[in-house]
Amino acid sequence: MSARPDFSARLPGYAAPALPRAADPPHLQRLAGATMGTTWSLRVANPRMLPLATIESAVQGALDEVVAQMSHWEPGSFISRFNRAPAGTAHAMPDAFARVLRRALHWAAESDGALDPSVGALVGLWGFGPEAADTAPPPPREALAAAHARSSWRRLRFDADGRLIQPGGLSLDFSGIAKGFAVDAGVEALRALDLHDLLFEVGGELRGAGRRPGGPPWQVAVDPGNGASQRIALSDRAVATSGDRWHVREHTGRRWSHTLDPRTGEPVAHALAAVTVLHGTCMDADALATVLTVLGPDEGLAFADRHDVAALFAERNADGLLRLRESAAWTAAQANPT
């Protein structure tokens, strides 16, 4: 399932680079770049005609800060240094890192561990970490059990000064939330430039702020993978998708998703293909898409309805076709677009 802006061509899994429309005014401008192993794109109303280099620098600077703090692919990042730290050491967290960790722990508690920021060791064993091989086999049971025992958000502690304590052998991984936060960070950087009408995307996750020139809300098309897309308004809200259509591994006939169930240490194995979530922030949309993907079609839908989460579920039937299910909040959002 992918979300794509109304000015984009279709590109599987991601929002494609923005293309201007003939009716767009000159101050509706486009920028794009690279970050986090993927791309970012922006459509922004720039009535004061700020130099595009100024806008690009602000966006790229915000994204680079996220990478420097939260990318476990960067050996010098804060998260990588914490993961290598000896047991019992305390670490003063950068502000953005602390915001993301505390929000991840919030959703970990609400979902009883369906989202867990401490699963880095498990992610690597299943072939998705920075040191993993694409052709890695499923991990040996003994190694999996040992990594699972070290991987629990409940092991995380803070000292009296708010510093994060490394309990020993715990490896943080923010893959289920950091990209969404990066979208929010980009939007904050743009607002600091007094740019308030924009649509910003990182790797297929989007957040709209304000409206298009002329008044209509930003529009994106959500493609569940069955050829029938839904158009949704993104006026001051975000959309994120999680699923098994893009990042998978296969070995000797076994195929598994990059989404792990932290409660079992195993890749999810239910019939849910993808979940798309609408939320006020992209960080929460990203985290909740992960939570619902782990919980699966039935438990996930119940969770979404309990927590008033706008979510669209795409579930595989036995014949391979997709069955779409909407949470009550998703149905209400489509009936009352802003």
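Colleague: Teacher, can you tell me more about the sheet that holds strand S13 (residues 237–243) here?
Modeller: Sheets are built from strands paired through backbone hydrogen bonds, the pairs being either parallel or antiparallel. Spatially, S4-S5-S9-S10-S13-S18-S19-S20 is the arrangement adopted by the 8 strands of the open sheet, whose pairing is antiparallel. A single partner strand is all that each edge strand has here, and the edge strands are strand S4 (28–35) and strand S20 (322–326). Averaged over neighbouring strand pairs, the angle between their axes works out to 10° when direction is ignored. In the sheet, strand S10 (residues 205–209) pairs with S13 via 3 bridges, with the strands oriented antiparallel. Bridge pairing in S13 links Arg207 to Ala238.

Colleague: Mind showing me how you'd approach the sheet that holds strand S7 (residues 157–158) here?
Modeller: Taken together, 3 strands build an open sheet; the order of strands is S6-S8-S7 and the sheet is antiparallel. The open sheet has two edge strands, strand S6 (90–91) and S7, and neither has a second partner.

Colleague: Would you mind going over the pairing of S10 with me for this structure?
Modeller: For a regular strand, the rule is simple: side chains alternate between the two faces of the sheet. For S10, the tally of buried residues reaches 5 of 5 residues, placing the bulk of the element in the interior. Burial of S10 is two-sided: the residues Glu205, Arg207 and Ala209 facing one way and the residues Leu206 and Gly208 facing the other way are all buried. Of the strand pairs in this sheet, strand S9 (residues 198–202) and S10 are connected by 5 bridges, and their pairing is antiparallel. Residue pairing for S10: Val202 is matched across the bridge by Glu205. Between the antiparallel neighbours S9 and S10 lie 2 residues, among them Gly203 with a positive phi of about 55°.

Colleague: Is there a simple way to think about the environment of Leu295 in this case?
Modeller: With respect to the secondary-structure elements, Leu295 resides in helix H7 (residues 282–295). When the C-alpha positions of Leu295 and Ser111 are compared, they lie 8.6 Å apart, and in sequence the two are 184 residues distant. Residues contacting Leu295, with those up to four places away along its chain left out, are Ala114, Arg263, His270, Gly300 and Phe303.

Colleague: Before we go on, may I ask you to explain the confidence of the model for the chain in this structure?
Modeller: Close inspection of predicted coordinates is inappropriate for parts of the model with low pLDDT. Mean pLDDT over the chain: 85, with 83% of residues reaching 70 or higher. Per-residue pLDDT stays below 50 along residues 1–20; that stretch engages in 70 contacts with residues further than four places along the chain or on separate chains.

Colleague: Explain the nonpolar core to me, please; I cannot follow it from the model alone.
Modeller: With 69 residues, the main nonpolar core has Leu42, Phe97, Phe174, Phe200 and Leu292 as its most contacted residues. Examining the composition of this core, we find that 10 residues originate from one element, H7, more than from any other. With 15 residues, the next largest nonpolar core counts Val222, Leu312, Trp330 and Ala333 among its residues.

Colleague: Whenever I open this one, the pattern of salt bridges confuses me. Can you help?
Modeller: Oppositely charged side chains can pair when the atoms bearing their charge come close. Throughout the structure, instances matching the rule amount to 11 salt bridges. Across the pair Arg325 and Asp298 runs a salt bridge, and its minimum N-O distance is 2.9 Å. Of this pair, Arg325 sits in strand S20 while Asp298 sits in helix H8 (residues 297–306); the two residues are 27 residues apart in sequence, bridging distant segments of the chain. A relative accessible area of 16% places Arg325 in the buried class. On the basis of relative accessibility, which here comes to 52%, the residue Asp298 falls in the exposed class. Linking Arg325 and Glu315 is a salt bridge whose minimum nitrogen-to-oxygen distance equals 3.3 Å. Note that Arg325 is positioned in strand S20 and Glu315 in strand S19 (residues 310–316), a separation of 10 residues in sequence. For the pair formed by Arg325 and Glu315, the shared burial category is buried. One salt-bridge network, held together by shared partners, links Asp298, Glu315, Arg323 and Arg325.

Colleague: What's the story with the packing of aromatic side chains in this structure? I'm lost.
Modeller: Between two aromatic rings, the relevant description is the distance of the centres plus the angle of the planes. By the definition in use, this model includes 3 aromatic pairs. Here Trp40 and Phe200 contribute two aromatic rings whose centre-to-centre distance is 5.9 Å and whose plane-to-plane angle is 55°, an arrangement assigned as tilted. With Trp40 in strand S5 (residues 38–45) and Phe200 in strand S9, this residue pair connects regions lying 160 residues apart in the sequence. The burial state of Trp40 is the same as that of Phe200; both residues are buried. Through a chain of ring-to-ring contacts, the aromatic side chains of Phe78, Phe97 and Phe174 assemble into a single cluster. A cation sits over an aromatic face here: Arg102 above Phe158, 4.5 Å from the ring centre.

Conventions we followed
Throughout, residues of each chain are indexed from 1 in the direction in which the sequence is written. The predicted nature of this model means local features are confined to residues of pLDDT at least 70 and side-chain atom pairs, given and counted, to a pLDDT of 80 or more, with totals for whole chains, interfaces and linings taken over all residues. With hydrogens and water set aside, each side-chain value is computed from the structure's full complement of heavy atoms. What makes two strands pair is DSSP finding at least two bridges between them. Only DSSP runs of H or I with at least four residues qualify as helices, and only runs of E with at least two residues qualify as strands; both kinds are numbered from the N terminus onward. Every axis in this analysis is a line fitted to C-alpha atoms, fitted for helices over the stretch in contact. Angles between the N-to-C directions lie between 0 and 180 degrees. Each residue is assigned to one of three classes by its accessible area relative to the maximum for its type, calculated with a 1.4 Å probe on protein chains only: buried under 20%, partly exposed between the two thresholds, exposed over 50%. The contact rule is simple, with two residues in contact once any of their heavy atoms fall within 4.5 Å. Values of pLDDT, which run from 0 to 100, indicate the predictor's confidence residue by residue. Throughout, nonpolar core names a set of buried Ala, Val, Leu, Ile, Met, Phe, Trp, Tyr and Cys residues whose side chains join them through atoms within 4.5 Å. A pair is scored as a salt bridge if a Lys or Arg side-chain nitrogen falls within 4 Å of a carboxyl oxygen belonging to Asp or Glu. Two rings from Phe, Tyr or Trp (for Trp, the six-membered ring) form a pair when their centres sit within 6.5 Å of each other. Planes less than 30 degrees apart are called stacked, planes more than 60 degrees apart edge-to-face, and all others tilted. We count a charge as sitting over a ring when the NZ of a lysine or the CZ of an arginine lies within 6 Å of the ring centre and within 35 degrees of the ring normal.

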